[in-house]
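What follows is the residue order along each chain.
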Amino acid sequence: MAASTHRTCSACGRTNRIPPSHVADRGTCGACKAPLPPSSRPIDVDAALFDAIVGSARVPVLVDFWATWCGPCRMAAPEVERAAAELAGKAVVLKVDTDQNQDLAARYQIRSIPSFAVFSNGKLVSMQPGMARASDLIRRALGSANAA
C-alpha cells in the first residue's frame, strides 16, 4: 500500500486516508461528506512518507529535523505547531525524528538539531540549523515558492 496520512473528520469522527499529494488540500469525509480542512498540525513521518510527500506536494514543505531528547527541539515544538496552523493549506509541515530516521538525517547532512529544511517542487531550497520562531519558519516556507 502506498504511503498516506490520516485526518479525522470533526463531524463524524471517522479517519480518512489522505494521499501524500493532497495533504495541503481541503477534502471531503468519505463517510459523512463533511468538509475536511487541510492539515494544520505537523505530520510525523518516516522515510517513505517523507519521500512521498516531498516528491508530490504541490505546496512548499517545511521539515523539522528533531529528536525527543533534544531540549532546544522541545522548545521549538510550539513554534513549529504555530507555523503549521498558520501555513494550513499554503504549505505542509513535517517532523522527522532523527533518532528513528537516521537515513534521512544522513541524506540531508543534519549535524545539529533542531534543523529546518524547506522543499519546493521536490527540491531542497533552504536549510537552517537552530531554533526558529514561527514567523521565521512561515516566512521561509512561503518564500520558498519563489526560490524554486
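How each quantity is defined
- Residues numbered from 1 in each chain as written.
- Predicted model: local features only at pLDDT ≥ 70, side-chain atom pairs only at ≥ 80, totals over all residues.
- Heavy atoms only, no water.
- Disulfide = S-S within 2.5 Å.
- Buried < 20%, exposed > 50% of the residue type's maximum accessible area, 1.4 Å probe, protein only.
- Core = buried A, V, L, I, M, F, W, Y, C linked by side-chain atoms within 4.5 Å.
- Helix = DSSP H or I, 4+ residues; strand = E, 2+ residues; numbered from the N terminus.
- Contact = heavy atoms within 4.5 Å.
- Pairing = 2+ DSSP bridges.
- Phe/Tyr/Trp six-rings, centres within 6.5 Å; stacked < 30°, edge-to-face > 60°.
- 1 Å grid on protein atoms, 1.4 Å probe; cavity = no way out; pocket = protein on both sides within 12 Å on 5 of 7 lines; lining within 4 Å.
- Points joined across faces, edges and corners; volume = space filled by probe spheres on them.
- Nonpolar A, V, L, I, M, F, W, Y, C, P; charged D, E, K, R; others polar.
- Expected span 1.5 Å × (residues − 1).
- Bend = angle between axes of the 7 residues up to and from the residue.

Enquirer: Outline the state of the cysteines, listing residues and values.
Expert: Covalent bonding between the sulfur atoms of two cysteines is what defines a disulfide. Enumeration over the complete set of coordinates arrives at zero disulfides. For the unlinked cysteine Cys29, the closest cysteine sulfur is that of Cys12, found at 3.7 Å. Since its relative accessible area comes to 0%, Cys29 is described here as buried.

Enquirer: Lay out the nonpolar core in plain terms, naming residues and giving numbers.
Expert: Looking at soluble globular proteins, one finds that nonpolar side chains tend to be buried together. Of all hydrophobic cores here, the largest spans 33 residues; its most connected members are Phe50, Ile53, Val61, Val63, Phe65, Val92 and Leu94. Contributions of two or more residues to this core are made by α1 (47–56), β6 (61–66), β7 (92–97), α3 (102–107) and β8 (115–120). Setting aside anything within four residues of it in sequence, one finds Val61 in contact with Ile53, Val54, Val92, Leu94, Ala117, Val118 and Phe119. Judged by nonpolar contacts, the second largest core, of 15 residues, contains Val80, Phe116, Val118 and Ile138.

Enquirer: How would you summarise the pairing of strand β1 (residues 5–8) if you had to cite specific residues and measurements?
Expert: The two faces of the sheet receive side chains in turn, since in a regular strand these alternate between them. Of the two faces of β1, only the one carrying Thr5 and Arg7 is buried; His6 and Thr8 on the other face are not. Relative to strand β2 (residues 15–18), β1 runs antiparallel, the two sharing four bridges. Of the residues in β2, the one forming a bridge with Arg7 is Asn16. As consecutive antiparallel partners, β1 and β2 are separated by six residues, and within that stretch Gly13 has a phi angle of approximately 85 degrees, a positive value.

Enquirer: Pulling in residues and values, what's your account of the packing of aromatic side chains?
Expert: With the rule as written, the count across this model stands at four aromatic pairs. Between Phe50 and Tyr108 the ring centres are 5.8 Å apart and the planes differ by 55 degrees, which places this aromatic pair in the tilted class. Within this pair, whereas Phe50 is found in helix α1, its partner Tyr108 is found in the loop between α3 and β8, the two being separated by 58 residues in sequence. Look at Phe50 and you get buried, because its relative accessible area is 1%. Judged by centre distance (5.3 Å) and plane angle (80 degrees), the ring pair of Tyr108 and Phe119 falls under edge-to-face. Linking Tyr108 in the loop between α3 and β8 with Phe119 in strand β8, this pair joins segments that are 11 residues apart in sequence. Joined through ring pairs, the aromatic side chains of Phe50, Phe65, Tyr108 and Phe119 make up one cluster.

Enquirer: Explain empty space enclosed by the protein to me, using residue names and the numbers behind them.
Expert: Throughout the structure, instances matching the rule amount to two cavities of 30 Å³ or more. In this structure, the largest cavity occupies an estimated 40 Å³ of space. Val23, Ala24, Ser39, Arg41, Ile43, Ala84, Ala91, Val92 and Val93 together form the lining of the largest cavity. Size it by volume and the second largest cavity reaches roughly 30 Å³. In terms of residue class, the lining of the second largest cavity is built from five nonpolar, two polar and two charged.

Enquirer: How would you explain helix α2 (residues 71–87) if you had to name every residue and give the values?
Expert: Over its 17 residues, α2 extends 25 Å from the first C-alpha to the last, a length consistent with the 24 Å expected when each residue adds 1.5 Å. Taking the largest bend as the criterion, α2 deviates by roughly 35 degrees, centred on Ala77, and proline Pro78 comes between one and four positions later. After α2 finishes, the residue Gly89 shows a positive phi value of roughly 85 degrees.

Enquirer: Break down the side chain of Asn101 for me, citing the residues and quoting the values.
Expert: On the secondary structure map, Asn101 appears in the loop between β7 and α3. Residues within four places of Asn101 in sequence aside, it is in contact with Val45, Asp46, Ala47 and Val96.

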